[in-house]
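Spelled out, the chains give:
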Amino acid sequence: GERMSSHNGREFGLILDGELEVELGFETLKLSTGDSIVFDSMTPHRLTNNTTTPMRALWVVLNQS
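Residues numbered from 1 in each chain as written. Predicted model: local features only at pLDDT ≥ 70, side-chain atom pairs only at ≥ 80, totals over all residues. Heavy atoms only, no water.

Chemist: Break down the overall build of the chain for me, citing the residues and quoting the values.
Modeler: For the chain, the helix and strand inventory stands at 0 helices and 6 strands. Going from the N terminus to the C terminus, the chain shows its helices and strands as β-β-β-β-β-β. The globule rule puts the C-alpha radius of gyration for 65 residues at 11 Å, and the 12 Å found for the chain is close to it. Across its three principal axes, the chain shows a C-alpha extent of roughly 35 × 25 × 15 Å. A total of 65 residues make up the chain; the buried ones form 23% of that total. Here the contacts in the chain between residues at least 6 apart in sequence split such that 64% fall between residues at least 24 apart. Carbon and sulfur atoms provide 52% of the accessible area of the chain, an area that totals close to 4,500 Å². (Helix = DSSP H or I, 4+ residues; strand = E, 2+ residues; numbered from the N terminus. Rg over C-alpha atoms; globule rule 2.2 N^0.38 Å. Buried < 20%, exposed > 50% of the residue type's maximum accessible area, 1.4 Å probe, protein only. Contact = heavy atoms within 4.5 Å. Areas by Shrake-Rupley, 256 points an atom, 1.4 Å probe, with all protein chains shown as cover.)

Written out as structure tokens, the structure is:
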């Protein structure tokens with residue numbers, strides 16, 4: 001699979017439809033419709049839809065230079 005990514009900034013995600021698995025450091029979170037998350041982008045992370053249902057999300061990456 002895809003390797004985990006890390007980069008400068010902060011991320012905000014809001015799940016609009018479906019489910020999203022977020023691996024954040026050593027933690028795995030399962031987000032569903034209406035759930036949101038904010039995290040430091042330097043924390044290794046990977047986003048995966050492990051279902052057959054399409055997932056839609058609003059995702060914002062704030063880059064701090």
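From this point, the discussion proceeds with the structure in view.
Chemist: Run through the side chain of E11, naming residues and quoting values.
Modeler: Along the polypeptide, E11 turns up in strand β1 (residues 10-17). One buried charged residue, E11, forms no salt bridge at all, with the nearest opposite charge on R10 at 10 Å. Within the local environment of E11, its side chain forms a polar contact with the side chain of H7, the two groups lying 3.0 Å apart. (Lys, Arg positive; Asp, Glu negative; His and termini not counted. Salt bridge = Lys/Arg side-chain N within 4 Å of Asp/Glu carboxyl O. Polar contact = N/O pair within 3.5 Å; in protein donor to acceptor, adjacent residues only side chain to side chain.)

Chemist: Can you break down the environment of P44 residue by residue, with the values?
Modeler: Checked against the element boundaries, P44 lands in the loop between β4 (36-40) and β5 (45-48). By relative accessible area, which is 39% here, P44 ends up partly exposed. Once the C-alpha coordinates of P44 and H7 are considered, the two residues, 37 residues apart in sequence, prove to be 8.3 Å apart. Setting aside residues no more than four positions away along its own chain, P44 makes contact with M4, S5, S6, E23, L24 and G25.

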